[in-house]
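A closer look at the structure
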Amino acid sequence: MIQRPATFRAAVSAAVLLCSATACFLPSPVHAQAAADSAKLEGHPATKVVKDYLQLMLQREWAKSAALVEPSSLKQLVEDYVKRLKGAPTMDDEAEMTRRVGKGTIEEVEAMAPVEFYVAYHQGIQQRYQVPPEVIKKVRDSLSLRVLSLAQEDESHVHILVRTKHSNDKALFESLELVSLVKVGDAWKVGLNEQAPRMTPIGAAGGAAAADKPAETPKPATPPKGKGKAK
């Protein structure tokens, strides 16, 4: 601990007492800057989208939250899942993954509309963990969101850091969420793939078509003679 000289402590105490006695107010440049920064954060149109999105996600309002997600992100979500499904190591794994989104075959999963898949995927997770409606209500009633910072990468990309807090009457949960948004037309949408590593080939062979694509996720290893029954 840094020890301040007695004269320093006395001066601080005197200033505090003087301000208390005369009800004085000393404007702080730091506080003024913090207030300005807070107003800037809250005033950005992407901030409201992030707050709405996180609230809907924590409240399990999947269809409504899907409306705030970038369409290409929703499409990529289905494609990535189908790729994992086709690479499932066993028939049991494949069946479990198709059931998880309410379907019976890979073809049925492939035919799902992006929003339909998004909703079914999250409903499947909710069913696995069996979250009762009364708990969801407690989360909704206790939820608080605090936007900590906003980084505007360019005119169409923004990244927002948010502190979330909610309770289920048994525990208080806190989380730090980084949400990336992409401008689609005049609206800001949540970009699910914006934080994924990207690989852009260098040179003429790569071409512009491959630019800005997320790096492919390695396919799971599969048995050389096809999928077998899990033991």
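Look up: the structure comes first, before these words.
Since we're looking at a predicted model, the values are computed, not measured. (Residues numbered from 1 in each chain as written. Predicted model: local features only at pLDDT ≥ 70, side-chain atom pairs only at ≥ 80, totals over all residues. Heavy atoms only, no water.)

**Description of the overall build of the protein chain**
Within the protein chain one finds nine helices and four strands. The order of helices and strands in the protein chain, counted from the N terminus, is α-α-α-α-α-α-α-α-α-β-β-β-β. By residue count, 27% of the 231 residues in the protein chain fall in the buried class. The contacts of the protein chain with a sequence gap of at least 6 include a subset with a gap of at least 24, amounting to 52%. With an accessible surface of roughly 15400 Å², the protein chain has 58% of that area assigned to carbon and sulfur atoms. (Helix = DSSP H or I, 4+ residues; strand = E, 2+ residues; numbered from the N terminus. Buried < 20%, exposed > 50% of the residue type's maximum accessible area, 1.4 Å probe, protein only. Contact = heavy atoms within 4.5 Å. Areas by Shrake-Rupley, 256 points an atom, 1.4 Å probe, with all protein chains shown as cover.)

**Remarks on the packing of helix α5 (residues 71-86) against helix α8 (residues 114-129)**
Contact geometry for α5 and α8: axes closest at 8 Å, N-to-C directions at 65 degrees. One element, α5, and the other, α8, form an angle in the roughly perpendicular class. Relative to α8, the crossing made by α5 is left-handed. Judged by residue contacts, L74, K75, L77, V78 and Y81 of α5 engage P114, V115, F117, Y118 and Y121 from α8. For the contact of α5 with α8, the residue count by class is nine nonpolar, no polar and one charged. (Axes fitted to C-alpha atoms, helices over the stretch in contact; angles between N-to-C directions. Parallel < 35°, antiparallel > 145°, perpendicular 65-115°, else oblique. Left-handed = near helix turned anticlockwise from the far one by under 90°. Nonpolar A, V, L, I, M, F, W, Y, C, P; charged D, E, K, R; others polar.)

**Describing helix α3 (residues 45-58)**
Helical geometry note: an α-helix holds 3.6 residues per turn, so side chains three or four residues apart project in the same direction. With 14 residues, α3 extends 21 Å between its outermost C-alpha atoms, agreeing within 8% with the 20 Å of an ideal straight helix rising 1.5 Å per residue. Regarding α3, the residues found buried are A46, T47, V49, V50, Y53, L54, L56 and M57. (Expected span 1.5 Å × (residues − 1).)

**Focus: the sheet that holds strand β3 (residues 172-184)**
Taking strand neighbours across the sheet as the criterion, the four strands line up as β1-β2-β3-β4 in an open arrangement whose pairing is antiparallel. Looking at the sheet topology across the chains shown, the edges are occupied by β1 (144-154) and β4 (187-190). For this sheet, the mean angle separating the axes of adjacent strands, direction not counted, is 30 degrees. Inspection of the sheet shows β1 paired to strand β2 (residues 157-167) by nine bridges, in the antiparallel sense. Bridge pairing in β2 links R146 to R163. Contacts from α3 reach β1, β2, β3 and β4 within the one sheet, and its direction differs from that of β2 by about 40 degrees. Contacting β1 and β2, helix α9 (residues 133-142) runs over the sheet at an angle of about 115 degrees to β2. (Pairing = 2+ DSSP bridges.)

**Here's the deal with the pairing of β4**
For β3 and β4, the ladder comprises four bridges, and the chain directions are antiparallel. Note on β4: the bridge partner recorded for L181 is V190. The loop that links β3 with its antiparallel partner β4 comprises two residues; one of these, G185, has a positive phi angle of about 70 degrees.

**A short note on the pattern of salt bridges**
Enumeration over the complete set of coordinates arrives at eight salt bridges. We note a salt bridge from E110 to K86, for which the minimum N-O separation is 3.1 Å. On the criterion of sequence distance, the pair formed by E110 in helix α7 (residues 106-110) and K86 in helix α5 is long-range, its members being 24 residues apart. Taking the relative accessible area as the measure of exposure, K86 reaches 46% and is therefore partly exposed. (Salt bridge = Lys/Arg side-chain N within 4 Å of Asp/Glu carboxyl O.)

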